[in-house]
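# Structural description and commentary
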Amino acid sequence: MAVAAAAAAGPVFWRRLLGLLPGRPGLAALLGRLSDRLGRNRDRQRRRSPWLLLAPLLSPTVPQVTSPPCCLCPEGVHRFQWIRNLVPEFGVSSSHVRVLSSPAEFFELMKGQIRVAKKRVVMASLYLGTGPLEQELVDCLESTLEKSLQAKFPSNLKVSILLDFTRGSRGRKNSRTMLLPLLQRFPEQVRVSLFHTPHLRGLLRLLIPERFNETIGLQHIKVYLFDNSVILSGANLSDSYFTNRQDRYVFLQDCVEIADFFTELVDAVGDVSLQLQGDDTVQVVDGMVHPYKGDRAEYCKAANKRVMDVINSARTRQQMLHAQTFHSNSLLTQEDAAAAGDRRPAPDTWIYPLIQMKPFEIQIDEIVTETLLTEAERGAKVYLTTGYFNLTQAYMDLVLGTRAEYQILLASPEVNGFFGAKGVAGAIPAAYVHIERQFYSEVCSLGQQERVQLQEYWRRGWTFHAKGMALMKMTGMAGVSSFSRASAMTPVWVSQRAPAGTVWLRAGCAASK
């Protein structure tokens, strides 16, 4: 009864918020749409339940593999090869993969990697904070750049930073002002790109105030790259993510092909973004359509081509490398390769970076995630975690309509990053609780509470930001996707070292809503 009452009260709750927003037409419209959506969802629940069991049949089928499974190479033993038809496939040894456990470990590793970087530092995040820890990170970059110029044999160190325009421009002191000293002192070595969603333009851009304009679309990639090593995470470059905001972090050490790919991807998104100048102005790259002043369709088409060129060229490159490694007439044994100077251990883990940039009609992450969830048969177990429980309707139907067991870990209201915030933002945790109750009410109405279980993360003095999924299957192994409000670029991991066929879906990055 309490759950039903909360569901019914949802639209009323949001309508009351509208009365607190005089002079905020953009936000009022946004909350009005959310209120209408909650009402429609309540009505839809009464109608759709009998169809949920058909969800796997109505969802996309598994894409066909264009070539038969390979019996010569390790990939031949897993069932997720079809993903290589969409994105590049990277084989690595699990000895080069390390999962970090804490924000402090993440922060110290980043600083250590920056200090020893010789060739490149690439950092993509939603934003860079403005506190002392963030300044320490900037100082670390400055020191490394200074050393690169003073060395006996100066290195050609390049630093590329990709952030979101709206989030990175919030307030007088912001991500831009934090990075201006680097741009001014090392103009030939430092590049700062600010992604601006093409959907925020015209009258909408003028009316929606700061903070709320970030709901229209974001640059959400989180990748931190140092020479040939990469940290994939969901953490932003802000003090709480370095101290007491739990996230997930995967360190890929000495993986040159993966580092090259992410460098090219960040460069591509940077090329379709605004370039920060030393005087705090921004410019477009020569020949590029302006993201919010130019023609939207033309801009999105150009951005699609720029990003897809990176994906397709890397996919072709990795396919050729695969053929040379496993299908060449002069196939080398591992001992022969070591004698020839390649001392890297044989791969037992495969990584597929998925891309989701919906404004540019790039929805690879969505396709792969829905396919994996569709194929989650009886006997499989899915572990899903998110700091903000707001599944898309397609994902919700798959969770309720398939036969796999689900264990979902959510942030309790007290560890939600908006808990205790002033104004409308303080109501956000209650909104997520409302969505959670609506979902669990439907789980119970279908009698699936044994198959679909919800748990809340709570830790005194901490907040929770981890978003990811792990799929345990009877055969085969893989992993990665995120269920965040921004679209995503996330890697799928397929590992022979995992127990009983594990599909890890652990979010890496995202770009634009």
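Just so it is clear, the structure is predicted and the values come from calculations on it, not from any experiment.

Bringing the overall build of the protein into the picture now. The secondary structure content of the protein amounts to 15 helices and 21 strands. When burial is assessed residue by residue, the protein has 54% of its 513 residues classed as buried. When contacts within the protein are restricted to residue pairs at least 6 apart in sequence, long-range pairs at least 24 apart make up 77% of them. Counting every atom, the protein has about 22,700 Å² of accessible surface; 55% of that belongs to carbon and sulfur.

Once that is clear, we can look at the packing of aromatic side chains. Overall, the coordinates contain 12 aromatic pairs when judged by the stated rule. On the numbers, 6.1 Å between centres and 45° between planes, the contact of Phe-106 with Phe-242 is tilted. Residue Phe-106 is located in helix α4 (residues 103–116), and its partner Phe-242 is located in helix α9 (residues 239–243); the two are separated by 136 residues in the primary sequence. Consider the rings of Tyr-388 and Phe-418, whose centres lie 6.2 Å apart with planes at 55°: the pair is tilted. Residue Tyr-388 is found in the loop between β14 (381–386) and α14 (393–401), and its partner Phe-418 is found in the loop between β15 (405–411) and α15 (428–445); the two are separated by 30 residues along the sequence. By relative accessible area, which is 17% here, Tyr-388 ends up buried. Residue class for Phe-418 comes out partly exposed when judged on its relative accessible area of 27%.

In this section: the packing of α14 against α15. Axis separation between α14 and α15 bottoms out at 11 Å; the angle between their running directions is 30°. In terms of orientation, α14 lies roughly parallel with respect to α15. Where α14 crosses over α15, the handedness of that crossing is right-handed. Facing α14, whose interface residues are Met-396, Val-399 and Leu-400, α15 presents Phe-439, Glu-442 and Val-443. A breakdown of the residues in the contact of α14 with α15 according to their chemical character gives five nonpolar, no polar and one charged.

We now examine the sheet that holds strand β6 (residues 223–226). An order of β2-β9-β7-β6-β3-β4-β5-β10-β11 is seen for the nine strands of this open sheet, with the pairing classed as mixed. Every other strand in the sheet has two partners, leaving β2 (97–100) and β11 (282–284) as the edge strands with one partner each. Within the sheet, the average angular offset between the axes of one strand and its neighbour, ignoring direction, is 20°. Pairing analysis gives four bridges linking β2 to strand β9 (residues 249–252), with the strands arranged antiparallel.

Residues Leu-203, Leu-206 and Leu-207 make up a contiguous nonpolar surface patch of roughly 350 Å² in combined accessible area. Among the secondary structure elements, Leu-206 is positioned in helix α8 (residues 202–207).

Turning to the UniProt feature "domain: PLD phosphodiesterase" (unreviewed entry) in the protein, a few remarks are in order. UniProt records the feature "domain: PLD phosphodiesterase" (unreviewed entry) for residues 215–241 in the present numbering. Secondary structure content for residues 215–241 is 11% helix and 33% strand, while the C-alpha to C-alpha distance between its ends is 21 Å.

Here we take up the environment of Val-92. Residue placement: Val-92 occurs in strand β1 (residues 90–92). Once the C-alpha coordinates of Val-92 and Leu-252 are considered, the two residues, 160 residues apart in sequence, prove to be 8.9 Å apart. Leave out the neighbours within four places in its chain, and Val-92 touches Val-97, Cys-255, Ile-258, Pro-347, Asp-348, Thr-349 and Ile-351.

Mapped onto the secondary structure, Ser-175 falls in helix α7 (residues 175–185). In this structure Ser-175 comes out as buried when scored by relative accessible area, which is 1%. When residues no more than four places from it in sequence are discounted, the contact partners of Ser-175 are Tyr-127, Leu-128, Leu-163 and Gly-168.

Considering the arrangement of structural elements, one finds Gln-448 in the loop between α15 and β16 (452–457). Assessed through its relative accessible area of 12%, Gln-448 is described here as buried. With near-sequence residues (within four places) excluded, Gln-448 lies in contact with Val-399, Leu-400 and Val-443.

Procedures and definitions
- Residues numbered from 1 in each chain as written.
- Predicted model: local features only at pLDDT ≥ 70, side-chain atom pairs only at ≥ 80, totals over all residues.
- Heavy atoms only, no water.
- Helix = DSSP H or I, 4+ residues; strand = E, 2+ residues; numbered from the N terminus.
- Buried < 20%, exposed > 50% of the residue type's maximum accessible area, 1.4 Å probe, protein only.
- Contact = heavy atoms within 4.5 Å.
- Areas by Shrake-Rupley, 256 points an atom, 1.4 Å probe, with all protein chains shown as cover.
- Phe/Tyr/Trp six-rings, centres within 6.5 Å; stacked < 30°, edge-to-face > 60°.
- Axes fitted to C-alpha atoms, helices over the stretch in contact; angles between N-to-C directions.
- Parallel < 35°, antiparallel > 145°, perpendicular 65-115°, else oblique.
- Left-handed = near helix turned anticlockwise from the far one by under 90°.
- Nonpolar A, V, L, I, M, F, W, Y, C, P; charged D, E, K, R; others polar.
- Pairing = 2+ DSSP bridges.
- Patch = residues over 30% accessible without salt bridge, like charges linked within 9 Å, V, L, I, M, F, W, Y side chains within 5 Å.
- Salt bridge = Lys/Arg side-chain N within 4 Å of Asp/Glu carboxyl O.
- UniProt positions renumbered as here; feature names shortened; annotations may be inferred.

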